[in-house]
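Residues per chain, in single letters:
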Amino acid sequence: MQVITPGEPMRFGLRLVAYQPNGPRLGVLGRHLGFEMGMPLNDPPSLKVTYSGHAAGSQWLASPCEVAVEWSAGGAWTEPANGRFLRIKRSGDGADQALSRSYDMPGYSWMLRKLTLYPAIGMIDGKRQFPAASVGDIVSQMIDEAQGRGTLPGLSYDFDAAQDSNGQEWAATLTLGLDPGTDLLAVLINLGEQGVCDWQMQGRTLQVFNPDTVLGRQLGSGPAPVELRLGRDIDQAPDDATFEDAASAILITGEDGLSVEVTNPGAAAPWGRWEVVQSQGGVKDEGTARLLAQYALDRASGERVQLTRQITPYAARFLPLRDYRPGDTIRAPGDQAVMQALRIRQITLSVDGDGLISGNLVLNDRFLERDIRLARRANGILSGGVSEGGNGGEPAPESKDRVPAAPTGLVVNPQAYLDAEGYAHGLITVSWLPVSTDVNGVSLAVDGYELIGQTPPGTGAERVLGHTDGTSISYSPLTPKSQWRFGLRATNQGVKGQLATSAVITIPDDETPPPIPSTPVVDSRLGIVQVTWDGLTSSGTGMPADFHRVLVMVRDPLDSEDEGQAVEWLERAGTAVVPGLPYNADREFWLVALDRSGNVSGESARAVAATHPLVDTDLIGEVIDGAEHIISGSIPADAKIVAGSITGGLIQALAIQAGHIQANAVTADKIVAGAIQTGHLAAAAITADKLAAGSVTASTIAADAITGKMITGSVMRSSATGRRFVLDSSTLDLRFYPASNNNYTRIYAEDGWYPGETTTFITSGTNQSGTARAELQVAAGLVRLGIRDASFSNRQGGGLDVAEGYAMFGYSTGSSSFDTFIYLNSTGRFYIRGRVWDANETSPYDAFAAGSVSVGGAASPNWAIYRYGPPSSPTSMATNMGPVVALRDGGSGGPSAFTNNYVPKAWALTASDTSGFQVNLANSTSFAFYFWVHRH
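Before going into details, it helps to say that this report is about the structure given with it. (Residues numbered from 1 in each chain as written. Predicted model: local features only at pLDDT ≥ 70, side-chain atom pairs only at ≥ 80, totals over all residues. Heavy atoms only, no water.)

Topic: the overall build of the protein
As a reminder of what qualifies: Comment: elements are numbered from the N terminus, with helices defined as DSSP H or I runs of at least four residues and strands as E runs of at least two. Buried means the residue's accessible area, taken with a 1.4 Å probe over protein chains only, is under 20% of the maximum for its type, while exposed means over 50%, and partly exposed covers the values in between. Residue contacts are counted whenever heavy atoms from the two residues lie within 4.5 Å of one another. For the accessible areas, the method is Shrake-Rupley and the probe is 1.4 Å, while residue cover comes only from the protein chains on display.
Counting secondary structure elements, the protein contains seven helices and 55 strands. Of all 936 residues assigned to the protein, the portion counted as buried reaches 39%. Across the protein, the fraction of contacts at a sequence separation of at least 24, relative to all contacts at a separation of at least 6, is 60%. On the protein, roughly 50,600 Å² of surface is accessible, and the fraction owed to carbon and sulfur atoms is 52%.

Right, here's the structure in full:
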């Protein structure tokens with residue numbers, strides 16, 4: 001039993017507590033001789049306890065009971081998830097005077113194998129059907145039915161058909177056919193292995209979650225990561241690694257002679273190409289075969305490493321159960337003790353007879369976690385989510401000419417795969433429950449199924465994509481990001497059954513980022529930095545088939561706000577040259593990889609380099625380095641340098657700096673007129689304190705003396721009058737004036753129009769009559785172009801809005817909104833506001849004409865002709881016209897109110913050409929017709 005000495009840091013403690021079966025707490029089992037607990041993810045835990053028959057509490061272990069493991073780190077004792085066990089198995093030696101007994105206890109979830117599925121009405125092929133159901137729906141049905149029979153009355157659960165145990169909606173639905181007799185534990189383990197859910201027991205309560213959520217916490221990154229370090233949290237880190245399962249090429253053989261070879265250029269291949277063959281029954285689609293091959297090759301891409309880390313709770317900063325639990329991703333020493341993100345697959349804790357605690361973790365690196373996900377995806381493709389088996393039903397009656405019922409439980413699973421060139425395509429796997437009846441519910445043995453596809457949904461053409469006699473089918477290739485609606489129907493001797501349709505499915509693109517590139521090698525030489533990449537990943541393997549390029553990134557490590565920018569890129573192993581960096585300033589370089597779908601990898605490790613000048617700064621311009629080539633004092637100045645022998649032309653630019661010239665050594669009388677020009681002066685060599693007041697005037701600055709330099713101040717202008725620009729920095733305002741007046745065009749920016757951004761405006765001068773001017777407004781979510789009145793107070797004329805959520809084009813007469821416009825938004829709909837142009841003003845090239853005509857009076861004829869264009873000068877349209885006409889009969893006895901029951905006269909559109917059209921009635925009466933005519 002652990003003893004905590006006052007004054008010592010609080011240690012991690014574990015204890016055992018006994019409970020009656022499905023009942024209250026009995027007490028602490030404080031006299032154990034040691035125990036070991038294993039807590040795996042998505043699997044029942046186990047506990048092995050050694051206890052003396054003479055010790056207090058042994059009477060509770062003499063018969064079946066429950067034992068809980070509790071932990072404490074200085075606070076209250078807590079029972080963790082999966083910490084409840086069943087005392088159902090014991091062993092001992094009757095000759096042992098200490099009456100030592102060993103108890104092997106499975107977790108409480110072990111009892112779920114005693115809860116089985118019973119047959120029910122509506123079984124197909126001898127199986128219980130769960131069509132398009134959530135995990136919560138399936139599991140809760142099994143529990144409710146069993147408890148209704150009296151099974152496992154102490155078991156409870158905290159999820160339902162709609163939400164998981166964390167209150168989140170279920171992320172996936174399944175179509176399953178389960179054999180009667182299947183136990184709940186087998187169902188949960190299978191669903192966990194397929195990545196459909198995570199599950200655990202909290203005491204006697206079953207908790208089921210969406211996968212990789214509550215039991216997939218990411219604790220290995222962020223401001224306060226959980227980091228287990230050697231020597232503090234971990235004292236041993238054994239690794240077992242093997243290349244036995246590695247392969248770089250795979251041949252998939254399927255049905256109907258299908259044979260597809262896929263290679264992995266990124267696989268480790270120390271002895272060259274290794275091949276494997278995989279026979280995949282039921283696969284007829286090349287895309288499916290290629291995707292399965294890629295999954296298999298990814299899992300066999302290199303060395304497999306098993307990581308076991310021995311933990312010690314006494315010096316540790318982070319403690320098991322308190323700070324981390326199975327399913328969490330933490331930072332710990334990975335392969336060869338390199339710190340990396342690893343997922344905890346199992347925690348094992350042991351307590352010896354003296355109360356000393358030890359333990360170990362089984363960890364998965366990101367590669368093994370990826371392998372698990374790939375295996376789940378492959379299993380989902382092959383099984384289709386539906387169990388298959390023999391037919392246990394009664395023989396069906398004569399099936400000729402009978403229409404099969406619509407399939408139920410339709411599930412569509414879209415995925416992305418890569419072709420031989422590394423480009424992404426889409427694949428769908430569709431599964432359903434078998435059809436066993438016709439539309440009238442009479443038993444029917446169908447002979448197959450047709451998969452139907454339509455794109456775009458609701459508007460595109462439908463076509464048959466495939467046939468099968470099973471209950472799942474795959475189809476490829478499909479365009480990534482395209483939208484489809486899929487349907488399925490059974491067939492019966494040529495008779496097509498009712499169609500079951502899916503929701504709109506968006507075909508996914510490849511979303512798997514490329515591997516992290518290896519660390520670049522940087523070298524500074526000749527005023528540039530060379531960045532060299534070996535073409536490999538950070539793990540030393542080659543890049544995958546869809547690799548596109550690596551970006552060379554650089555940042556200033558002293559600037560906390562500098563997130564880096566791409567300065568070059570490489571498509572293969574090689575060297576990139578980065579010029580233009582400041583001298584003697586460190587820069588960080590790293591690489592990120594891009595694939596053909598635009599996915600970006602994580603960042604490589606970083607390297608630091610600084611660009612250096614070609615020669616030392618204080619010797620730039622020296623022809624001879626005195627330190628190496630001229631012995632100090634060997635050439636006296638009076639012997640080698642005579643008056644006039646060194647002239648300005650012999651001195652290299654910048655060779656003489658201020659530090660080399662004695663104070664006041666150069667006076668005005670020693671400078672020849674014109675000898676010092678702008679090119680002889682270093683940047684910032686002449687400062688304001690070196691200029692006499694008023695010594696620099698406008699007349700002393702040459703017209704082109706200021707070029708490419710920075711001028712500060714409030715206002716800068718190119719001229720005082722005439723054609724000019726004026727830049728006012730205080731208002732962010734640039735104005736352009738014409739030669740003859742002040743009717744300027746303006747470019748300016750304003751804050752406050754939209755939160756957190758600056759809005760840019762371009763405005764013209766007014767027109768000649770002074771009634772209007774144009775304006776362009778550019779903001780992050782809006783570009784607005786329009787004509788305003790001279791004062792800019794109202795829109796007055798044409799306008800265009802191009803915004804993030806809508807677009808609008810039209811004309812305003814001066815009101816606060818457009819009078820006539822077309823409006824479109826993100827819903828995919830539009831509306832038009834305003835009036836249609838009257839057909840009396842139609843010209844030969846108008847797209848359409850619309851209007852109405854009344855033919856009145858008792859003596860009215862029974863026909864009317866309408867001519868396009870003005871009545872005084874009808875127009876002949878340029879091409880054929882298509883009139884659409886509606887008629888209102890106004891004859892005697894005709895309708896006078898909406899409620900009247902009236903039988904109208906017969907009429908017809910009887911003639912049409914480019915000049916007009918004619919309408920005829922069965923007999924003379926007054927009438928009106930309304931028309932819309934389009935030119936085509």
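Concerning the sheet that holds strand E33 (residues 528–533)
Test applied: Between any two strands, at least two bridges found by DSSP are needed for them to pair. Convention adopted: a line fitted to C-alpha atoms gives each axis, helices being fitted over their contacting stretch, and angles between N-to-C directions are expressed from 0 to 180 degrees.
The three strands are arranged E32-E33-E36 in an open sheet whose pairing can be described as antiparallel. Bordering the open sheet on either side are strand E32 (521–525) and strand E36 (574–578), each of which pairs with just one other strand. Adjacent strand axes in the sheet meet at a mean angle of 25 degrees, parallel and antiparallel pairs treated alike. One ladder, built from five bridges, connects E33 with E36; its direction is antiparallel. From the neighbouring strand, Trp 533 faces E36, where its bridge partner is Gly 574.

Quick word on helix H3 (residues 184–193)
Stated precisely, the cut-off is as follows: The directions from the helix axis to the C-beta atoms form the arc being described.
All of the buried residues in H3 are Leu 184, Leu 185, Val 187, Leu 188, Leu 191 and Gly 192. Taken end-on, H3 shows its buried residues confined to a sector of 160 degrees, consistent with a single buried face. Looking one or two residues beyond H3, the residue adopting positive phi is Gly 195, at roughly 75 degrees.

Here we look at the packing of aromatic side chains
Note the cut-off: Within 6.5 Å between ring centres, the rings of Phe, Tyr and Trp (the latter by its six-membered ring) count as paired, and their orientation is classed by plane angle as stacked under 30 degrees, edge-to-face over 60, tilted in between.
Overall, the coordinates contain 18 aromatic pairs when judged by the stated rule. Consider the rings of Phe 848 and Trp 932, whose centres lie 4.7 Å apart with planes at 10 degrees: the pair is stacked. Of this pair, Phe 848 sits in strand E50 (residues 848–855) while Trp 932 sits in strand E55 (residues 927–935); the two residues are 84 residues apart in sequence, bridging distant segments of the chain. For Trp 932, a relative accessible area of 40% translates into the label partly exposed. With 4.7 Å between their ring centres and 45 degrees between their planes, Tyr 866 and Phe 931 make a pair best called tilted. Here Tyr 866, found in strand E51 (residues 863–867), pairs with Phe 931, found in strand E55; they are 65 residues apart in sequence, far enough to count as distant. Across this residue pair, the class does not change: Tyr 866 and Phe 931 are buried.

Observations regarding the pattern of salt bridges
Quick reminder of the rule: Salt bridges are defined by distance alone: a side-chain nitrogen of Lys or Arg within 4 Å of a carboxyl oxygen of Asp or Glu.
Counted under the stated rule, the structure contains 24 salt bridges. Between Glu 79 and Arg 84 there is a salt bridge, with the nearest N and O atoms lying 3.0 Å from each other. Among the ionic pairs, Asp 212 bridges to Arg 343, the shortest N-O distance being 3.2 Å. With Asp 212 in the loop between strand E13 (205–209) and strand E14 (234–236) and Arg 343 in strand E21 (residues 339–351), this pair connects stretches of sequence that are 131 residues apart. Arg 343 sits in the buried class, given a relative accessible area of 7%. Each member of the salt-bridge network shares a partner with another, and the members are Glu 66, Glu 79, Arg 84 and Arg 204.

A word on the environment of Asp 235
By the element assignment, Asp 235 lies in strand E14. Judged by its relative accessible area of 47%, Asp 235 is partly exposed. When the C-alpha atoms of Asp 235 and Ile 311 are compared, they prove to be 6.2 Å apart, with 76 residues separating the residues in sequence. Excluding residues within four positions of it along the chain, Asp 235 makes contact with Gln 310, Ile 311 and Thr 312.

Digging into the nonpolar core
Heads up, the condition is: Only buried residues count toward a nonpolar core, which is a set of Ala, Val, Leu, Ile, Met, Phe, Trp, Tyr and Cys residues joined through side-chain atoms within 4.5 Å.
Leu 14, Leu 47, Leu 228, Tyr 324 and Ile 330 are the most contacted members of the largest nonpolar core, which has 42 residues in total. Sort the elements by how many residues they give to this core and E21 lands first, with five residues. The contacts of Ile 330, once residues within four sequence positions are left out, are Leu 219, Gly 220, Val 226, Leu 228, Tyr 324, Gln 340, Ala 341, Leu 342, Ile 344 and Leu 361.

Quick word on the side chain of Arg 555
Using the following cut-off: Think of a polar contact as two N or O atoms within 3.5 Å of one another; within protein, one of them needs to be a possible hydrogen donor and the other a possible acceptor, and neighboring residues in sequence only count if both atoms come from side chains.
Locating Arg 555 in the fold gives a position in strand E34 (residues 547–555). Polar side-chain contacts of Arg 555 include one of 2.8 Å to the backbone oxygen of Asp 559. A polar contact is formed between the side chain of Arg 555 and the backbone oxygen of Asp 562, at a distance of 2.7 Å. With residues near it in sequence (within four places) discarded, Arg 555 still touches Ser 560, Asp 562, Gly 564, Arg 587, Glu 588, Trp 590 and Arg 606.

Re the side chain of Ser 502
One can find Ser 502 in the loop between strand E30 (500–501) and strand E31 (505–506). Each residue touching Ser 502, except ones within four places of it in the same chain, is listed here: Leu 410, Val 412, Arg 485 and Phe 486.

So, the pairing of E13
Side chains on a regular strand alternate between the two faces of the sheet. Counted residue by residue, E13 has four buried out of five residues, so it is predominantly covered. The pairing of strand E10 (residues 156–157) with E13 spans two bridges and is classified as parallel. The partner of Tyr 157 across the bridge, within E13, is Leu 206. Where strand E12 (residues 198–202) and E13 come together, five bridges link them in antiparallel fashion. By the bridge assignment for E13, Asp 198 is matched with Phe 209. Between the end of E12 and the start of E13, which pair antiparallel, lie two residues, with Gly 203 showing a positive phi angle near 65 degrees.

Examining the sheet that holds strand E52 (residues 881–889)
In any sheet, the strands associate via hydrogen bonds between backbone groups, in a parallel or an antiparallel arrangement. Judged by pairing direction, the sheet is antiparallel, and its three strands sit side by side in the order E50-E55-E52 without closing on themselves. Pairing within the sheet leaves two strands with one partner each, and these edge strands are E50 and E52. Taken over all neighbouring pairs, the strand axes of this sheet differ in orientation by 15 degrees on average, direction set aside. Pairing between E50 and E55: eight bridges, direction antiparallel. Note that in E55 the partner of Ser 854 across the bridge is Ala 928.

Some points on the pairing of E51
Here E51 shows a buried face lined by Ala 864 and Tyr 866 and an unburied face lined by Trp 863, Ile 865 and Arg 867. Bridging between E51 and strand E54 (residues 916–921) involves five bridges; their strand directions are antiparallel. Bridging across to E54, Ile 865 finds its partner in Gln 918.

Some thoughts on unusual backbone geometry
One can expect most non-glycine residues to show negative phi and most peptide bonds to be in trans. In this structure, Pro 456 follows Thr 455 across a cis peptide bond, with omega equal to -10 degrees. Following the sequence through the fold, Pro 456 ends up in the loop between strand E25 (448–454) and strand E26 (462–468). Of note, the bond from Ser 476 into Pro 477 is cis; its omega dihedral lies within 30 degrees of zero at -5 degrees. Turning to its location among the elements, Pro 477 is positioned in strand E27 (residues 472–478).

A short note on the environment of Gln 796
Here Gln 796 lies in strand E46 (residues 795–803). Sequence separation of Gln 796 and Thr 771 is 25 residues, and the distance between their C-alpha atoms is 9.3 Å.

Here we look at helix H2 (residues 135–148)
Definition in use: The span you would expect from a helix comes to 1.5 Å times its residue count less one.
Compared with an ideal rise of 1.5 Å per residue, which puts 14 residues at 20 Å, H2 spans 20 Å between its outermost C-alpha atoms and is within 8% of the ideal. Burial in H2 covers these residues: Val 135, Gly 136, Ile 138, Val 139, Ser 140, Met 142, Ile 143 and Ala 146. Along its buried surface, H2 packs onto strand E9 (128–133), E10, strand E11 (174–178), H3 and E13. Taken from the residues just after H2, Gly 150 is the one with a positive phi, measuring 95 degrees.

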